[in-house]
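A closer look at the structure
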Amino acid sequence: MAKCVECREEDHFLRIVPISYCEHRLCLEFRREDCLDIHLRTCATYCRSVGRTPEPHPRDLARQAEEAAQPQQLDLFAEL
């Protein structure tokens with residue numbers, strides 16, 4: 001069963017097909033129409049093939065924001 005590289009959904013009722021250049025499988029119809037848009041803006045392989053700089057992926061931006069929100073623990077016994 002094919003899975004979308006963006007949302008990880010399996011193709012039960014979705015249409016998941018590989019797109020040109022990078023051949024990654026994506027949801028193109030029904031519930032996950034945004035998978036194609038995100039992928040075409042963020043996939044390094046695809047962007048390189050069409051001469052565009054990839055944008056940061058929303059998952060990476062969310063992870064960075066989450067990490068920045070975590071308080072930093074100070075090591076009280078670290079040598080100066």
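See the structure above.
Okay, so let's go over this structure.

What counts as what
- Residues numbered from 1 in each chain as written.
- Predicted model: local features only at pLDDT ≥ 70, side-chain atom pairs only at ≥ 80, totals over all residues.
- Heavy atoms only, no water.
- Helix = DSSP H or I, 4+ residues; strand = E, 2+ residues; numbered from the N terminus.
- Polar contact = N/O pair within 3.5 Å; in protein donor to acceptor, adjacent residues only side chain to side chain.
- Contact = heavy atoms within 4.5 Å.
- Buried < 20%, exposed > 50% of the residue type's maximum accessible area, 1.4 Å probe, protein only.
- Arc of directions from axis to C-beta.
- Phe/Tyr/Trp six-rings, centres within 6.5 Å; stacked < 30°, edge-to-face > 60°.

As for the side chain of Thr-42
Note that Thr-42 resides in helix 1 (residues 34–42). Within polar-contact distance, the side chain of Thr-42 engages the backbone oxygen of Ile-38 at 2.8 Å. The residues contacting Thr-42, other than those within four sequence positions of it, are Glu-6, Cys-47, Pro-54, Glu-55, Pro-56, His-57 and Pro-58.

Quick notes on helix 1
Residue pairs three or four apart in sequence face the same way in an α-helix, which turns once every 3.6 residues. Regarding helix 1, the residues found buried are Cys-35, Ile-38, His-39 and Thr-42. The buried residues of helix 1 occupy one face: seen down the axis, they fall within an arc of 95 degrees. Where helix 1 is buried, its residues meet strand 2 (25–27), helix 2 (44–49) and helix 3 (58–69).

Thoughts on the packing of aromatic side chains
One pass over the full model with this rule turns up one aromatic pair. Measuring from centroid to centroid gives 5.6 Å for Tyr-21 and Tyr-46, while their planes differ by 65 degrees, and the two rings are edge-to-face. Of this pair, Tyr-21 sits in the loop between strand 1 (16–18) and strand 2 while Tyr-46 is found in helix 2, placing the two residues 25 residues apart along the sequence.

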